[in-house]
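Here are the chains, one letter per residue:
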Amino acid sequence: MIARTKIILGGVAAVVFATVAVTAPTDAAAQQRRFIAIGTGGPTGVYFVVGNSICRMIHKEAAEGRREGRKHGIRCSAPSTGGSTYNIGQIAQGELDFGVAQSDWQYHAYNGSAPDRVTHVPELRAVFSVHPEPYQVIVAGDSDIQEFTDLVGKRFNIGNPGSGQRGTTEVMMAAHGLTTADFALATELTSTEQSKALCDGLIDGYGYTVGVPNAGVSVATEGCSARIINLNGAVEEGLVAERPYYGFASIPAGTYSTTVEDVTTFGVLATVVTNAAVDDDLVYEVVRAVFENIDDFRKLHPAFANLDPAQMISNGLSAPLHPGAVRYYQEKGWL
Ligand code: GLU
């Protein structure tokens, strides 16, 4: 039980706590309890696993820390959201503490270089990068679509506003000189809706920037023989050559039942971002929880299997690292 006494100090009201008994948690511990929210993506994507894996490591550290007398007091949740650009917007407004975002949209948000697609957020800070995300166009197995421009006159899901896949699809459309008017139908389905819509014959294809393998794509590949097309022509070569955040990526044969040969496309990295205003200690604890448990983290999704701390703290990060992350990386001698 805690007795509270209000006293006046130099005209400023202050509250002091007099501890009467120590059986209940102290007010100091209660005050230190902090709730954080990490924005992810659709529930069948990989971002959702990233966010929830980070939370899992934070809660693991909390449980182990309690035994060792080390308390960080953080409780974490990682709700499903619209994706990259939604997360960045919410971080800008202080509604989310952290979010997962494609490296291309991190770049544009920090630099203000695509204001029509993502808010300019000079206070955006990088935490680390995660898995590669190839941009994939997934089409009905029995369709004649072999390359991006074959989508002309077809029903194509460009993705929900707020998703990174929507932004990257718009970049692809612009690079190929296409607008939504070139499709018979341009839908704005979410990443979870799109595979079902493809299998139900409601659309002919969708564009999705996502880690490999993932549950959402396998709904379409394993469920109705959908296939992933190559995106490696002159236009994609130009995009990769011009833009620092793109690189070519391969989806190996055998990844899905319909991936009979390696698929070549271009892609980005998934990254975790925050706001400069988020407390240094909080970011330090989040980063510490992930990297102290990186072996466990790698096991939580096949896309995480090859995560390497040296690459995670440098690749795909165009916003400055948050000082709380820098502190941990310096302690480890990584910076
Ligand atoms: N890259 C996608 C986006 O930003 C999300 C992918 C996922 O949920 O794993 O919308």
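Attention in this report is confined to the structure presented alongside it. (Residues numbered from 1 in each chain as written. Predicted model: local features only at pLDDT ≥ 70, side-chain atom pairs only at ≥ 80, totals over all residues. Heavy atoms only, no water.)

1. Thoughts on the packing of aromatic side chains
Two numbers describe a pair of aromatic rings. These are the distance of the centres and the angle of the planes. Under the convention used in this document: Only the six-membered ring of Trp is used, alongside the rings of Phe and Tyr, when aromatic pairs are assigned; centres must lie within 6.5 Å, and planes under 30 degrees apart are stacked while those over 60 apart are edge-to-face, with the rest tilted. Each helix is a run of H or I in the DSSP string that is no shorter than four residues. Each strand is a run of E no shorter than two, and both are numbered from the N terminus. Remark: exposure states derive from per-residue accessible area (1.4 Å probe, protein chains only) relative to the maximum for the residue type, with buried under 20%, exposed over 50%, and partly exposed in between. Should the NZ of a Lys or the CZ of an Arg lie within 6 Å of a ring centre and within 35 degrees of the ring normal, that charge is described as sitting over the ring.
For the structure on display, the rule yields 16 aromatic pairs. On the numbers, 5.1 Å between centres and 50 degrees between planes, the contact of Phe156 with Phe183 is tilted. Pair noted here: Phe156 is in strand E7 (residues 155-157) and Phe183 is in the loop between helix H5 (164-175) and strand E8 (185-187), with a separation of 27 residues, a long-range link. For the pair Phe156 and Phe183, one class covers both residues: buried. Look at Tyr206 and Tyr208: their rings are 6.2 Å apart centre to centre, the planes differ by 65 degrees, and that puts the pair in the edge-to-face class. Just as Tyr206 is buried, Tyr208 falls in that class too. One cation-aromatic arrangement involves Arg327 over Tyr284; the distance from NZ or CZ to the ring centre is 4.0 Å.

2. Overview of the state of the cysteines
To be explicit about the condition: We call a pair of cysteine sulfur atoms a disulfide when they lie within 2.5 Å.
The full count for this structure, using the stated rule, is 2 disulfides. Shown here is the disulfide that connects Cys55 with Cys76, its sulfur atoms set 2.1 Å apart. With the S-S dihedral at roughly -60 degrees, the linkage between Cys55 and Cys76 falls on the left-handed side. Of this pair, Cys55 sits in helix H2 (residues 47-68) while Cys76 is found in strand E4 (residues 74-77), placing the two residues 21 residues apart along the sequence. Each of the two residues, Cys55 as well as Cys76, counts as buried. Each sulfur in the disulfide pair Cys199 and Cys224 lies 2.1 Å from the other. On the sign convention where negative is left-handed, the bridge of Cys199 and Cys224, at about -75 degrees about the S-S bond, is left-handed. Within this pair, whereas Cys199 is found in helix H6 (residues 191-199), its partner Cys224 is found in helix H7 (residues 215-224), the two being separated by 25 residues in sequence. Ordinal numbering of bonded cysteines along the protein chain defines a disulfide pattern of 1-2, 3-4.

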